[in-house]
Each structure stands twice: as structure tokens, then as C-alpha cells.
Amino acid sequence: MFNYKPLQLIVFLLIGVYSGFSQLGFSHEIGAIVGPVQFRSDFGERANDRNNFGNSGFGIGIVHYINFSYRADCNCYSTDTYFNDHFKLRSELSYNKTKLEHYGEWVAPDKTSTNADKLRAHTGEANNFDIGMQLEYFPFSIRSFQAFSYRIAPFVSLGVHYTSYNPKAYTSYGNSNINNANNFYSYWDPGSINPDSGSTWSLVTSIGARYKLTPLSDLMLDLRWQYYGSDWIDGFDHQLPSNKHNDWLVWLNFGYIYYLD
């Protein structure tokens, strides 16, 4: 089960931050995002295209923005500063899910060893619930974009998310018991399979663009890279030299953003 207690604390902190900005009169935007996820973990052969595309899932979420360039309390533009005209503060609540299995050289059809059979039999699932904040930078004027001076506004972002993960692990080899190390690849240490739930922080950065649809709505395209502070997001952490990094993902999401005021 997901661990919701730390998430509740993060929610309260976010509410406090946004309440502070709201009292300053800044306007708000809300939206939804959805798109495919490539989950890069200890499953499969690193840098193998079939592995990267095979271990793909989906993500969905809701987003909220503080727009510093416009004041909702007076229906007027805020003080014309570089920060107000080029930055937005984004908060997000999202979920992503990916089914995982081994692809690559060591499970190719010509591999007929017991270890190859064990790799083919091993599958898993990543389930992640995220909440966090990102600061988005728009190199062109946000005011000009809102005034339809141009229809496309590129941006980059950087932030931190809190992730509650709930992986799953399976094997169809032997007696199908995931606690039996004999059912898994013989070169992995016992305990390399552990689908316990947990939580960690993650670094999030992205590049994207908005398209001005109407005066009060935008379409968004956003390519995200997210690096987790744990290697157990997939419920699997072997100690071979090929395991060099924690789990991470790439998420291409499509969004619709509405200006509340």
C-alpha cells in the first residue's frame, strides 16, 4: 500500500506556499496532463532500444500554476520585473504505471540456459504516486504570449517531487515464489527482489512548450526526465557492475491548461 502520511505533510506545505502567493494577488492556472512513460530500471539490458521501448507505461496528473505576471485581485498586470514575466511556479499531483520485463541479448531466442529461462520468467510493475513543485522558465515574455503576440512559448523547468512507490514482482519459474532466490537469475544476490512499498525524493527537469489556444487556455507539450533517490522503485536492485544508477524515467506528456482568473 502507498504511504500517505508523508504525502499529507507535503500537501499541507504546498497549501501553505500557495496560500502565501495567493495573498499577494497572483493569478492561477489549472490543467491536466497525460502521456507515455519510458521507465529505465534494472530490468533488461541497459541502452537496448527494445528494452527501453518495451518497458513503457503511462502517466496522468493534474497541475496547478502560480502566474506571477498577472494579478487576479485587480485584473491587471503585476509589477513588470524579469522574474514575473519569465517564471511560473508549478505544483503537480501525478501517477505513473509501467509493466516491466527483461529484453535484450540475455533473453534472446538463441539463449537456452537456465538463467535465460529465469530472466524470461521474471516480470514486475512500477506504480508511483508523485507530488511536488517545479519552477518553469519561459525565455520569451509571458505577458506577450498571453496577449497573442506569438502562439508558442517554450519553457524549461527544474524541481523536486516526493514519490510514494508500490512495485510488484512476479516469476513463473519453479514454484513461482518471489521469496525463493533459486527462482531468479543465479548471479543476483539473495534479496535483490523486494516489492515492498516505500517513498523517496526525486529530481525532475523538463523541456516543453505551450500553444496559445484561447485567451484563457493553452495546450502543452512537455518532455520530462525524473531521477529517483532510490533503486527500489521497480522492486528490484541487483548488485552486478551493470547496475550503475538509480531508477529513472522519461515522460512525454500532453496537457491542457486553463486560466482560472
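Being a predicted model, the structure only gives us computed values, none of them experimental.

A.B. asks: Sorry, what's going on with the layout of surface pockets here?
C.D. replies: Picture a little ball the size of a water molecule; that probe, rolled over the atoms, points out where space is still empty. Considering only enclosed or pocket space, the largest pocket measures out at about 460 Å³ in volume. Around the largest pocket, the lining is made up of 22 residues, and of these D42, G44, E45, R46 and S242 lie nearest the centre.

A.B. asks: Explain the environment of N67 to me, please; I cannot follow it from the model alone.
C.D. replies: Within the element layout of this structure, N67 appears in strand β2 (residues 56-71). Sequence spacing of N67 and E29 is 38 residues, and the spatial spacing of their C-alpha atoms is 7.2 Å. For N67, the residues in contact, after removing those within four places along its chain, are F26, S27, E29, K88, I142, Q146 and Y259. Among the polar contacts listed, one links the side chain of N67 to the side chain of S69, at a separation of 2.7 Å. One polar contact links N67 to Q146, side chain to side chain, over a distance of 2.6 Å.

A.B. asks: Help me understand a nonpolar patch on the surface in this model?
C.D. replies: Where nonpolar side chains cluster on the molecular surface, the patch consists of I30, I152, Y211, L213, L216, L219, Y256, Y258 and L260 and spans about 780 Å² of accessible area. Contributing elements (two or more residues each) for the nonpolar patch: β8 (198-214) and β10 (248-259). Position of Y258 among the secondary structure elements: in strand β10. The exposure class assigned to Y258 is partly exposed, which follows from its relative accessible area of 36%.

A.B. asks: Help me out: how do you make sense of the side chain of S141 in this one?
C.D. replies: Residue position: S141 is located in the loop between β5 (122-137) and α5 (142-146). Side-chain polar atoms of S141 contact the side chain of D85, separated by 2.8 Å. One polar contact links the side chain of S141 to the main-chain amide nitrogen of S144, over a distance of 3.1 Å. Beyond its immediate chain neighbours, meaning those up to four positions away, S141 contacts D85, H86 and Y150.

A.B. asks: Got a minute to help me understand the environment of A116 in this structure?
C.D. replies: With respect to the helices, strands and loops of the structure, A116 is situated in helix α4 (residues 114-121). A residue is classified by how much of its surface remains accessible, and A116, at 2% relative accessible area, is buried. Separated by 69 residues in the primary sequence, A116 and Y185 place their C-alpha atoms 7.8 Å from one another. Among residues more than four places away in sequence, those in contact with A116 are W106, V107 and K111.

A.B. asks: Hey, could you run me through the environment of A209 in this one?
C.D. replies: Here A209 shows up in strand β8. What makes A209 partly exposed here is its relative accessible area of 23%. For the pair A209 and L219, spaced ten residues apart in the sequence, the C-alpha separation amounts to 8.5 Å. Once you skip the residues sitting within four places of it in the chain, A209 turns out to touch I152, A153, P154, F155, L219, M220 and L221.

A.B. asks: Is there a simple way to explain empty space enclosed by the protein in this structure?
C.D. replies: Applying the stated criterion across every chain yields a total of one cavity of 30 Å³ or more. As a volume, the largest cavity reaches approximately 40 Å³. For the lining of the largest cavity, a count of residues per class yields one nonpolar, three polar and five charged.

Reading the values: rules and limits
- Residues numbered from 1 in each chain as written.
- Predicted model: local features only at pLDDT ≥ 70, side-chain atom pairs only at ≥ 80, totals over all residues.
- Heavy atoms only, no water.
- 1 Å grid on protein atoms, 1.4 Å probe; cavity = no way out; pocket = protein on both sides within 12 Å on 5 of 7 lines; lining within 4 Å.
- Points joined across faces, edges and corners; volume = space filled by probe spheres on them.
- Helix = DSSP H or I, 4+ residues; strand = E, 2+ residues; numbered from the N terminus.
- Contact = heavy atoms within 4.5 Å.
- Polar contact = N/O pair within 3.5 Å; in protein donor to acceptor, adjacent residues only side chain to side chain.
- Patch = residues over 30% accessible without salt bridge, like charges linked within 9 Å, V, L, I, M, F, W, Y side chains within 5 Å.
- Areas by Shrake-Rupley, 256 points an atom, 1.4 Å probe, with all protein chains shown as cover.
- Salt bridge = Lys/Arg side-chain N within 4 Å of Asp/Glu carboxyl O.
- Buried < 20%, exposed > 50% of the residue type's maximum accessible area, 1.4 Å probe, protein only.
- Nonpolar A, V, L, I, M, F, W, Y, C, P; charged D, E, K, R; others polar.

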